[in-house]
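# Reading the structure
One letter stands for each residue in the lines below.
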Amino acid sequence: MSSSEISLAAVGSVSEIPAGDWDACANPAVAPSGAPGGAISAPPQNSFSSSKETYNPFVSHAFFLALEESNSACSRTGWGPRHLIARQNGAIVGLVPCYLKSHSQGEYVFDHGWANAYESAGGRYYPKLLASVPFTPATGPRLLICPGSDQAAVCAALAGGLVGLCDATRTSSVHVTFARKEEWTFLAENGFLQRTDQQFHWQNNGYSSFEDFLASLNSRHRKAIRRERRDALANGITIHVLTGSDLTEEIWDAFFQFYMETGSRKWGRPYLTRPFYSLIGENMGRDIALIMARRNGRWIAGAINFIGSDTLFGRHWGAIEHHPFLHFEVCYYQAIDFAIHRRLKTVEAGAQGEHKIARGYLPQTTYSAHYIADPGLRRAVGDYLNRERQYVAAAASELTEAGPFRKTGDDGVS
């Protein structure tokens, strides 16, 4: 697999790629320290600039290393690393995080119907290739390009390399999920099908405080949120935001208990192992805001968030005691409060959940691109996706209109 002077290869572990080379492609605008609070350099001027201006913790070498070294994402769990590397003159100029999948669990872009239909017709859908971040429904760059390289040539080589890797591994398909919109468009120009979905994100419109945010809502929703926040803490519960050196092994033991208890009920089998949390706590502590609830001297619930340079990414939550509205307080309201104080532009609250709309999180389109080798399956999926995109767009418009924000003629602040 080659394109001009660019050579391509796939490796079976992120540990085979030097952290400096990986992060130079994944987060090139970040200062050399790798800390999200560092100085941001000018991004390269190219069609993918918008994906390079901000720090995204999920595409960092440290995050992938924690997933793989903790045996959360490995061949045994159905996530076999096949990271695609582009080299030019011996130097790494581009990457695509990629996994050989034997199932469709932990992806949040659902293709079970495609798999069932194909296998019912005598095809073999698995294994397939997934270019994304395991267990992480957060938008971010997927074609990771080193600044200073020939951007167009490297992007074309990586897109072609994904198709070549599909052929070489005899897989049915390649799925690039939670990509940036410009990558989605580029991949469509290179033979991938386009899919959209929606999440619910909160946008910081220059709020100075949580009360300032509440003032932007209509009276009914303001009153409901104030009541929920008050009732969430009614049983002597206190909230603690932990980051950096606060993230001790004792804290991770408590949070992992929440994760296992709630994840076992919600998903059947939680994806992440206990060592994963130790690794991210050690190597990414400054990127984490762990919001924990405490009652009667013990931790009872918590939600983990990752801090980008302009976005707070909410991931998962868990609890061993259940109190009215505590989930909303820990996952949504505390995240908004944190973002306002840190002057972050956005809170991404993860997958699904129309109940988030009443709490100020509005629909946002997410993008994925899909290469399907079999022409028959490709045609059928393409027809389906054309209809699905229209439905997603219409639903987003309706849900946004039903949002909690004040409109002309609404009553004043109360």
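Cut-offs used in this document
Residues numbered from 1 in each chain as written. Predicted model: local features only at pLDDT ≥ 70, side-chain atom pairs only at ≥ 80, totals over all residues. Heavy atoms only, no water. Helix = DSSP H or I, 4+ residues; strand = E, 2+ residues; numbered from the N terminus. Buried < 20%, exposed > 50% of the residue type's maximum accessible area, 1.4 Å probe, protein only. Phe/Tyr/Trp six-rings, centres within 6.5 Å; stacked < 30°, edge-to-face > 60°. Lys NZ or Arg CZ within 6 Å of the ring centre and 35° of its normal. Contact = heavy atoms within 4.5 Å. Pairing = 2+ DSSP bridges. Axes fitted to C-alpha atoms, helices over the stretch in contact; angles between N-to-C directions. Core = buried A, V, L, I, M, F, W, Y, C linked by side-chain atoms within 4.5 Å.

## Observations concerning unusual backbone geometry
Of note, the amide linkage connecting Tyr126 to Pro127 takes the cis form, showing an omega dihedral of 5°. As for its position among the elements, Pro127 is in the loop between helix H3 (112-120) and strand S7 (128-131). For Asn89, which is not glycine, the phi torsion reads 55° and is therefore positive. Topologically, Asn89 is positioned in the loop between strand S4 (83-88) and strand S5 (91-96). Its identity is not glycine, yet Arg170 carries a phi of approximately 55°, on the positive side. Looking at the secondary structure, you find Arg170 in the loop between helix H4 (151-169) and strand S9 (173-179). A residue is classified by how much of its surface remains accessible, and Arg170, at 68% relative accessible area, is exposed.

## Remarks on the packing of aromatic side chains
For the structure shown, the criterion picks out 29 aromatic pairs. On the numbers, 6.4 Å between centres and 80° between planes, the contact of Phe255 with Phe258 is edge-to-face. Of this pair, Phe255 and Phe258 both sit in helix H8 (residues 249-266), three residues apart, which is roughly one turn of the helix. Residue class for Phe258 comes out buried when judged on its relative accessible area of 0%. Here the basic side chain of Arg294 rests over the ring of Trp299, its NZ or CZ set 4.6 Å away from the ring centre. Between the NZ or CZ atom of Arg359 and the centre of the ring of Phe328, over which it lies, the distance is 3.8 Å.

## Some remarks on the environment of Val241
Within the secondary structure layout, Val241 lies in strand S11 (residues 238-242). For Val241, a relative accessible area of 37% corresponds to the partly exposed category. In the structure, Val241 is positioned 178 residues away from Phe63 in sequence and 21 Å away in space, judged by C-alpha atoms. Ignoring sequence-local partners within four residues, the contact set of Val241 consists of Asp246, Ala289, Leu290, Ile291, Gln334 and Phe338.

## Focus on the environment of Ala303
In this structure, Ala303 sits in strand S13 (residues 298-307). Using a relative accessible area of 4% as the deciding quantity, one classes Ala303 as buried. Linking Ala303 and Val330, residues 27 residues apart in sequence, is a C-alpha distance of 6.4 Å. Residues contacting Ala303, with those up to four places away along its chain left out, are Phe255, Ala289, Leu290, Ile291, His316, Trp317, Val330 and Cys331.

## Re the sheet that holds strand S12 (residues 288-295)
Strand order in this open sheet of eleven strands is S3-S6-S7-S9-S16-S10-S15-S14-S13-S12-S11, and the pairing throughout is mixed. Where the open sheet ends on each side, the last strands, each with one partner, are strand S3 (79-81) and S11. Each strand axis lies, on average, 30° off the axis of its neighbour in the sheet, ignoring direction. Looking at chain direction, S9 and strand S16 (residues 362-372) are connected through five bridges and run antiparallel. Each bridged residue has a counterpart across the sheet, and for His175 the counterpart in S16 is His370.

## A short note on the nonpolar core
Core analysis: the biggest nonpolar cluster contains 51 residues, and Tyr277, Ile280 and Leu290 have the highest contact counts within it. The set of elements that each furnish at least two residues to this core consists of helix H1 (19-26), helix H2 (61-69), S5, H8, helix H9 (274-283), S12 and S13. Sort the elements by how many residues they give to this core and H8 lands first, with seven residues. The residues touching Ile280, leaving out its near neighbours within four places in the chain, are Phe63, Ala66, Trp252, Gly285, Ile288, Ile304 and Phe306. Among the nonpolar cores identified, the runner-up in size contains 38 residues, and Leu312, Leu326, Leu362 and Leu399 belong to it.

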